[in-house]
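# Structural description and commentary
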Amino acid sequence: MAAAAASRAARVGLLYDERMCAHATPDGEEHPENPERLRAIWRKLNAEGVASRCVVLKAKEAEDKYIASVHSNNHIKLMKEISSKKYDSSRNTIARKYNSIYFNKGSSESAVLAAGSVIEVAEKVAAGELRSAIALVRPPGHHAEHDEAMGFCLFNNVAVAANYLLNDRPDLGIKKILIVDWDVHHGNGTQKMFYNDPCVLFFSVHRFDYGSFYPAEGDASHCFIGEEAGKGYNINVPWEHGKCGDADYIAAWDHVLLPVTEAFDPDIILVSAGFDAALGDPLGGCCITPNGYALLLTKLLGFAKGRIVMALEGGYNLRSIANSVFACAKVLLGDKFTFSSPEMQPFESTWRIIQAVRNELKTYWPVLSSKLPENLSLRIKPSPIELYTSSDSEPDGEDVDELSGAVSSVNVIQFADDAISEHLSKMKLDEENLAVKTASSCSAAEHHPTDSVEVDKDGSVVLSKRISDLSLAWRSDLSRTHVWYASFGSNMWKPRFLCYIQGGKADGMSIPCCGSRDTSSPRGTMWKTVPHRLLFGRSSTPCWGTGGVAFLNPEMNYNEKSYVCMYKITLEQFNDILFQENRLVLEDGKNGNVVYPDSSLVDSSEVEFMSTNKAIHLEPIKDSWYSNVLYLGDEDELPILTMTCPSSDIERYKSGELPLVPPSKTYAATLIKGLVEGKQLDADGAASYINAAAARGL
Ligand code: X5A
Ligand code: ZN
């Protein structure tokens, strides 16, 4: 008994089971998430004599009732039956309905074992039977959602285990759990499962690339900090690009994760340990070395009495994942390590992101409110940090990606290209439609009916517009005045802009527009750059979902050059755009009726006023997002007008009261399409223009 107690301090669980290699592609197609991943790690740990120093455990099935703590019964049933005969003919079709999922005859068993295995080791660590543990499991888990498999993940293994400890084993005394998700992808599933739960602090550091990196949901941004009682207990550190390495991760640890962990004081730490941020990974494009992982893990060992459970998530370079897990195993076993500090300094963006995360969370974690040193690199300057001493831990060499999988990482450029070519194929059709539309609306232009019926582009939405008698006077007045409406946002893409004129919706929009009374096409289109800063703010819109939308700083700044696409339209149409942009058109959901406001927001006298005063803040709609009409000069003797936020909002963005949020993938893609089809920039140039604007802040 005494001997057992003495060795307990070093007891490290290592769970491996060949049965989790049963999940594979149905016809042996190549796939980065394949059984060799587990075998490569297992072989390495055995070859290095590490496995024999651990308590080796076999997988265990998860009971349904435990999986049910985070997944729907339907999902559990389907995942457990998907490998049965019953699904032989439909398995592939079902897989295709999910995002990045395959199934075969071994999937059900592997999935249930993966979830059960993390429960198994978590229970042993929580009970003190093991000090720490590594569960080599697959399929991975952190993308799996309540009712959905996703991103190579079937059940959310770590979430299941966390819930098990908190809800099913009060006897173990686990009241607070820290989940550290260092997989290169955002742990979207885990985030949602504990979003309003203060007992689980979820920390995810991941590539975000302004919303374009998988899973490419806006909720991976640092603005998502939890809800209700869980507010402050969700922390995202979203990298802006690949190439992040040891120094960047260590900076995130030192300046965000560790101070918060100290304050939170978890009873146990579960690591969603993907190794796809490793140097050489074919999907991640980051460059954490095995030594880097060892240091990140070492820094966590100081908390929760060293109770750490690592569960494998992603990681697709066999050599990288084997070396990285090996380094982590040695840390858990207490081997001596010498950590020389990273070769590289953190990126400038790392500093900015960390600052933004701290800002977002400082009210919940006061330890984050202190000012960081002006230059982060001063803190990370190469000088060996003596933690332990050792010899044999050399990082991966140049042969590191020799075993790379077949899939390359998705980036914003590639996405934009796809979106554009997909759109181009639809364009022709649209243009034909538009031609017909324009012809019919011109003939109707002479007498304006008070009720008109509009059919959207695919003929599915019928909107009946009600123009009140009161508005007819200003409408007929303003229909004779032309202006240039300048767009710096999604309206740069003409098909999207035309929705504000003709009604309906274009690619990427989730709700249709009602259009203008006057559906005639613009009389001219031209591009310009203006000396105003483009920014992305607010965190979601009904039309584009999560992610910020474009604003132009109303203040001029000659260092700035923002693209605007200008459409020559009537002042009546401009008012109808203002109504739609500010959500002032009343909708009678029952029969699809839309009712426009009775009075105009901007008439000729206001345009006159603007041309000397530059901007007019529309009092009647002062709380709307685009309540500020800006005069940007003249073109062809007509005023150029745009609509943006008031200057007071710019102050609120600066103070952090309003969030600066990068655009969603769809919204960004729409802007890129506008710039590309408008022949202003190529796809690369447009993407970096948007990215730069989203990154700069104010
Ligand atoms: C667990 C994990 C990645 C999914 C990428 C899909 N999933 N393109 O790393
Ligand atoms: Zn991943």
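Residues numbered from 1 in each chain as written. Chains lettered and ligands numbered in written order. Predicted model: local features only at pLDDT ≥ 70, side-chain atom pairs only at ≥ 80, totals over all residues. Heavy atoms only, no water.

Looking up the protein in an unreviewed UniProt entry gives the name histone deacetylase, with the organism given as Panicum virgatum. What UniProt records for the protein under Subcellular location (unreviewed entry) is the sentence "Nucleus". Per UniProt, the comment on the protein under Cofactor (unreviewed entry) is "Zn(2+)". (UniProt positions renumbered as here; feature names shortened; annotations may be inferred.)

The subject of this paragraph is the packing of aromatic side chains. The full count for this structure, using the stated rule, is 23 aromatic pairs. Seen in terms of ring centroids, Phe203 and Trp253 are 5.6 Å apart; in terms of plane orientation they differ by 90 degrees. Their pairing is edge-to-face. Here Trp253 lies in helix α9 (residues 246-264) and Phe203 lies in strand β5 (residues 200-207), a separation of 50 residues in the sequence. An angle of 65 degrees between the planes, with centres 5.9 Å apart, marks the rings of Tyr233 and Phe264 as edge-to-face. Taken together, the positions of Tyr233 in the loop between β5 and β6 (234-239) and Phe264 in helix α9 put the pair 31 residues apart, joining distant regions of the chain. Given the relative accessible area of 5%, Phe264 is considered buried. One aromatic cluster in this structure is built from Trp182, Phe203, Trp253, Phe275 and Tyr293. (Phe/Tyr/Trp six-rings, centres within 6.5 Å; stacked < 30°, edge-to-face > 60°. Helix = DSSP H or I, 4+ residues; strand = E, 2+ residues; numbered from the N terminus. Buried < 20%, exposed > 50% of the residue type's maximum accessible area, 1.4 Å probe, protein only.)

Judged by how many residues are buried, strand β22 (residues 638-644) sits mostly within the fold: seven of seven residues are covered. When strand β21 (residues 628-635) meets β22, the two strands line up antiparallel, connected through six bridges. Along β22, the bridge assignment pairs Tyr631 with Leu641. Where β21 folds back on β22, the antiparallel hairpin that results is connected by two residues, among which Asp636 adopts a positive phi of roughly 60 degrees. (Pairing = 2+ DSSP bridges.)

The subject of this paragraph is unusual backbone geometry. Note that the residue after Arg138, namely Pro139, is joined by a cis bond; omega there is 0 degrees. Looking at the element boundaries, Pro139 is found in the loop between β3 (132-135) and α7 (157-168). Here the bond from Tyr214 into Pro215 is cis, since omega is 0 degrees, no more than 30 degrees from zero. Residue placement: Pro215 occurs in the loop between β5 and β6. A positive phi angle, near 60 degrees, is found at Tyr210, a position not held by glycine. The topology assignment puts Tyr210 in the loop between β5 and β6. The class for Tyr210 is buried, based on a relative accessible area of 13%.

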